[in-house]
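Each chain, letter by letter, is given below.
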Amino acid sequence: MKFLKQLKLGASNAGASTGQQWLTDNSAEPLAIHSPVDGELIAKVSLCTPVQYQQVIEQAQQAFVSWRKITAPQRGEIVRQIGQALREYKQPLGELVSYEMGKSLQEGLGEVQEMIDICDFAVGLSRQLCGSTMHSERPLHRMYDQYHPLGIVGVVSAFNFPVAVWSWNAMISAVCGNVTVWKPSEKTPLTAIACQHILKEILARNNLPEGVFSLVVGTGAEIGELMLDDKRIPLMSVTGSTRVGRHAGQKVAARFGKSILELGGNNAIIITPNADLKVAIPGVVFGAVGTAGQRCTTTRRVIVHESVYDKVKDTLISAYSKLRIGNPLDQNNHVGPLIDQNSVRAFSEALDKVQAEGGKLLCGGDVLSGEGYASGCYVRPAIVEAENHYQMVQEETFAPILYLIKYTGKVQQAIDLQNDVAQGLSSAIFTQNMLEAEQFLAHWGSDCGIANVNIGTSGAEIGGAFGGEKETGGGRESGSDAWKAYMRRQTNTINYSTAMPLAQGIKFDL
Ligand code: UN1
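These figures come from a predicted structure and were not determined experimentally.

**Examining the site of the ligand**
Here comes step 1: Contacts to the ligand come from Glu-114, Asn-160, Phe-161, Trp-168, Glu-262, Arg-295, Cys-296, Thr-297, Ser-458, Gly-459, Ala-460 and Phe-466.
Here comes step 2: Here an oxygen atom of the ligand and a backbone polar atom of Cys-296 are 2.8 Å apart.
Here comes step 3: Between the ligand and the protein, one listed contact pairs an oxygen atom with a backbone N or O atom of Gly-459 at 2.8 Å.
Here comes step 4: Coverage of the ligand by the protein amounts to 100% of the 320 Å² it exposes when considered alone.
Here comes step 5: A class-by-class count of the residues in the shell around the ligand yields five nonpolar, four polar and three charged.

Pasting the structure below:
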């Protein structure tokens, strides 16, 4: 495949890198990466060993000492060059994302575009890492706060956005003056290795210290655990399931580290009687079947008012019947495969369980076989009529299952149903009624980190802070002022008088 060569991937690849140097150790059996698209072997990767891990972290510690002294706008210039390189590699990298992960080529290219966009954002940010100045209560005193780099930032990313999520973290973190150690999902390490090759050229060209951007491909049980316990990593940013995040958050907190958790979602779209269905239906369908239902922002529930319920149901079933499922690199297809056969099993099991609870399968739900489906990872997206309290509806199944739920009262009833799950990532309402929209956005409205009006739940832009509440973990990444979590905050008070007054009016005369 041409894109593998363009991205400097070989048949065997090292899974550990300090940026400029690949660390090789061939003592263990390498990991074979098969594509969910056709089941073919793409390439092999030797996993980072615990010894190599120590080497990477030590190198990163050293790199931090010099990287933090480079001015923030100069760090921004490096990130600008990374964004430029990503523009050049957009096509092959998008193709590899699609082939290794299984999302449609359009979404693979979109993911690389997110990386480019966050680079641009970070370049601007590199001149805007601003604190506030405050007025001191003491005469001839000045007070302000400033933001300092933290040190090593550990990024654990998931298979579903194998490169974009790393870039939101790493590019923001880099302009903040941190160095990053990235542990990608072991399901999708090749895209990460490709990024590391792209970075290598830029790091070398600019004579940067080795260890500014490092990579450790390994299992969660081994390398992931080392990172969580490592006091040399003051901040861990973890994207994954709620189960993984609960464990990670507790471990990092136990050593007083900071963490940014971006975990599961159970995102709903509310369709009120005042919705424009021409806008709503495509929003629901893309939200539910995009990335084969494997985004943390995927639309999992659609809560529809009874007056438009049958119409929405029929239109959705008809839209689903037109979905073309197949090789995601073929731009005629809408839906590619799930990441692996375990996910296919989880999809089938969830459908069995929800039907046992009383759910009614309206369409889809089968596992596809035959020509073009040899990997065994293709399923037909399903719609299930269900109730919000069903156990399966309450859980996040990382697959294309859309639960159709009816509400009968006012919009607040739909909002309450929407909020009545453990997760709190993304949410949306479709309505042309301003009162309904504002109620959804009010503080007694959606309890999610993302609340959209007349836009689906997925496809957030990088300019906003990304993340959610409750079991989604509370972290924020990407835009707005999410950068503050990547820095150490310090309050400074300076006395430029010749006296020593105390705050709170305390007298202490010697
Ligand atoms: C994720 O699924 O982990 O909002 C991230 C979206 C994308 C990011 C999703 N921009 O759907």
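Read on for the rest.
**A word on the domain arrangement of the chain**
Here comes step 1: Looking at the assigned domains, one finds that the chain contains domain 1 (2-31 + 41-263 + 473-490) and domain 2 (267-462).
Here comes step 2: Listed by partner, the interface residues are 26 residues for domain 1 and 19 residues for domain 2.
Here comes step 3: Summing the contributions of domain 1 and of domain 2, the shared interface buries around 1800 Å²; its carbon and sulfur component is 60%.
Here comes step 4: The largest share of the area that domain 1 buries against domain 2 comes from Leu-105, Glu-107 and Phe-159, three residues that together contribute 25% of it.
Here comes step 5: Summed over the shared surface of domain 1 and domain 2, the number is two salt bridges.
Here comes step 6: In this structure, Glu-107 engages Arg-295 in a salt bridge whose closest nitrogen and oxygen atoms are separated by 2.9 Å.
Here comes step 7: There are seven residue pairs in polar contact (both at pLDDT 80 or more) connecting domain 1 and domain 2.
Here comes step 8: Counting only elements with at least two residues in the side of domain 1 that touches domain 2, the list comes to helix 4 (90-101) and helix 5 (105-125).
Here comes step 9: Looking at the side of domain 1 that touches domain 2, the element that brings in the most residues is helix 5, giving seven residues.
Here comes step 10: Each residue belonging to the side of domain 1 that touches domain 2 can be placed in one class, and the counts come to nine nonpolar, eight polar and nine charged.

What counts as what
Residues numbered from 1 in each chain as written. Predicted model: local features only at pLDDT ≥ 70, side-chain atom pairs only at ≥ 80, totals over all residues. Heavy atoms only, no water. Near = heavy atom within 4 Å. Polar contact = N/O pair within 3.5 Å; in protein donor to acceptor, adjacent residues only side chain to side chain. Areas by Shrake-Rupley, 256 points an atom, 1.4 Å probe, with all protein chains shown as cover. Nonpolar A, V, L, I, M, F, W, Y, C, P; charged D, E, K, R; others polar. Domains from an automatic or database assignment. Contact = heavy atoms within 4.5 Å. Buried area = accessible area lost by both parts, 1.4 Å probe. Salt bridge = Lys/Arg side-chain N within 4 Å of Asp/Glu carboxyl O. Helix = DSSP H or I, 4+ residues; strand = E, 2+ residues; numbered from the N terminus.

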